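Okay, here's what each chain looks like letter by letter:
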Amino acid sequence: MERVCNFNPGPSAIPLEVLQQAKEELLNFRGSGISVMETSHRSKEYEAVHNEAQEKIKKILGIGDDFKVLFLQGGASLQFVMVPMNYLDKDKRADYIITGYWSERALKEAKRFGTINIAATTEQDKKYTRIPKQSELKLDPSAVYVHLTSNNTIFGTQWANFPTTGNIPLVADMSSDFLSKKFDPKPFGLMYAGAQKNLGPAGVTVVVIRDDFLAKANPDLPSVLTYHTHAKENSLYNTPPCFAVYVVYLFMEWVLDHGGLDGMEKRNQEKGGLLYGAIDKYPGYYTCPVDKDSRSLMNVVFRLPTEQLEDAFVKQGKAAGFLGLKGHRSVGGIRVSMYNTIGPEVIKELVCFMEDFAKKNG
Ligand SMILES: *Cc1c(COP(=O)(O)O)cnc(C)c1O
């Protein structure tokens, strides 16, 4: 059985080298005679992996000791809750920028804890086809933070440049584009990402938190729900998802071996150029609903002239070895999720298939 081209939106493709190394070490991790899954999270073997994974993430982001990297559970969905729970109360306010389904989910939870100002929304007709401009933002000067979703997995939009918010820290759900391009981490009080899109397997959520923002988190919460506990205990307050953290460690090594954020950005821009180039080459046949300056380099969405053609595209794509081309059930169409793992050579193959499909079914 050949491996296929995996465009699944999440959980998603993991580099073959990472899977192979995990396979090699599965039964005997670093000479311990047991698997990393069977090791105590207090063992020196596991702790080394845990700390090295954190160091690699810091190195890739270019951040120093004024940030902490946490490995939490509960997915990005728990961060929708933990962020407002740690920073808001009935007298505190936050700004939320709404650019899609996941922003809406974050907003819903935040409203339980504090007063939320919707600084901008691109919801028009539920279509979310763009990222708002800086000039559209109505920021609340008394906000504790400004929350945004850096890449909208379902609608195929992505912030090309993050907004400026003065002294108010940004908090970002980076689940579907974390470590995919260069950016300035300094304005961010907190970034979070479920690993299953761009970092590894499901089960671990990476939270990067700046020390001065951490200091403002509420310490009077149940222990497992305050950031203070996890920062103080180095994410070993309770048993972490050891195997998932280990695969994240291998994946981060792969990112560094492929040029870090510089390498990822180059790779992702090349892929975007290839795929959007193919879409734009067949106007009226392939149509991307997203504004050009808001196009995502991670999740590329497009339509064909009819739903029948879209079904045929997904079906024939699958037969040709391209998995996961179907758009999210809420929006339909086609979605190509091409996180860091996917190389330009895979997109070249897909582009050939698209050209062929358009010629045969034009
Ligand atoms: C997938 C996704 C989520 C949901 O993550 P879970 O880890 O399943 O909670 C949240 N935000 C974005 C942007 C996503 O793509």
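Preceding block: the structure.
Residues numbered from 1 in each chain as written. Predicted model: local features only at pLDDT ≥ 70, side-chain atom pairs only at ≥ 80, totals over all residues. Heavy atoms only, no water.

Visitor: Go over the pattern of salt bridges, please, and point to the residues and values.
Guide: Using the criterion set out here, one finds 19 salt bridges in the structure. Its salt-bridge partner being Lys58, residue Asp65 comes within 3.0 Å of it at the nearest N-O pair. On the basis of relative accessible area, Asp65 is assigned to the exposed category, the value being 65%. Look at Lys58 and you get buried, because its relative accessible area is 10%. Linking Lys281 and Glu355 is a salt bridge whose minimum nitrogen-to-oxygen distance equals 2.8 Å. Taken together, the residues span a long stretch of sequence, with Lys281 in helix α9 (residues 260-281) and Glu355 in helix α11 (residues 344-360) at a distance of 74 residues. Here Lys281 falls in the exposed class, since its relative accessible area comes to 51%. (Salt bridge = Lys/Arg side-chain N within 4 Å of Asp/Glu carboxyl O. Buried < 20%, exposed > 50% of the residue type's maximum accessible area, 1.4 Å probe, protein only. Helix = DSSP H or I, 4+ residues; strand = E, 2+ residues; numbered from the N terminus.)

Visitor: Any details on the site of the ligand? Residues and values, ideally.
Guide: Inspection of the region around the ligand gives 13 residues, with Ser77, Thr153, Asp173, Gln196 and Lys197 positioned closest. Contact between the ligand and Thr153: an oxygen atom at 2.4 Å from a side-chain N or O atom of the residue. Contacts to the ligand include Gln196, whose side-chain N or O atom sits 2.9 Å from an oxygen atom. Out of a free accessible area of 390 Å², the ligand has 87% covered by protein chains. Counting only elements with at least two residues in the shell around the ligand, the list comes to α3 (75-87) and α5 (195-198). Tallying contributions element by element places α3 first for the shell around the ligand, with 4 residues. Residues that form the shell around the ligand fall into these classes: 3 nonpolar, 8 polar and 2 charged. (Near = heavy atom within 4 Å. Polar contact = N/O pair within 3.5 Å; in protein donor to acceptor, adjacent residues only side chain to side chain. Areas by Shrake-Rupley, 256 points an atom, 1.4 Å probe, with all protein chains shown as cover. Nonpolar A, V, L, I, M, F, W, Y, C, P; charged D, E, K, R; others polar.)

Visitor: Tell me what's going on with empty space enclosed by the protein, and back it up with residues and numbers.
Guide: The tally for this structure, following the rule as stated, stands at 1 cavity of 30 Å³ or more. Space inside the largest cavity adds up to approximately 40 Å³. As for the largest cavity, its lining consists of Ser150, Phe162, Met174, Asp177, Phe178, Leu179, Ser180, Lys181 and Phe183. Taken together, the residues of the lining of the largest cavity break down into 5 nonpolar, 2 polar and 2 charged. (1 Å grid on protein atoms, 1.4 Å probe; cavity = no way out; pocket = protein on both sides within 12 Å on 5 of 7 lines; lining within 4 Å. Points joined across faces, edges and corners; volume = space filled by probe spheres on them.)

Visitor: Outline α3, listing residues and values.
Guide: Think of an α-helix as turning once every 3.6 residues; residues three or four places apart then point the same way. The terminal C-alpha atoms of α3 lie 19 Å apart, and with 13 residues this matches the ideal 18 Å at 1.5 Å per residue to within 8%. When we look at burial in α3, the residues that qualify are Ala76, Gln79, Phe80, Met82, Val83, Pro84, Met85, Asn86 and Tyr87. (Expected span 1.5 Å × (residues − 1).)

Visitor: How would you explain the pairing of strand β13 (residues 334-337) if you had to name every residue and give the values?
Guide: Looking along a regular strand, one sees side chains alternate from face to face of the sheet. The alternating pattern of β13 places Ile334 and Val336 and Arg335 and Ser337 on opposite faces, both of which are buried. Examined bridge by bridge, strand β11 (residues 299-302) and β13 share 4 bridges and lie antiparallel to one another. In the sheet register, Asn299 faces β13, and the bridge partner there is Ser337. (Pairing = 2+ DSSP bridges.)

Such coordinate-based values are descriptive only and should not be taken to indicate function.
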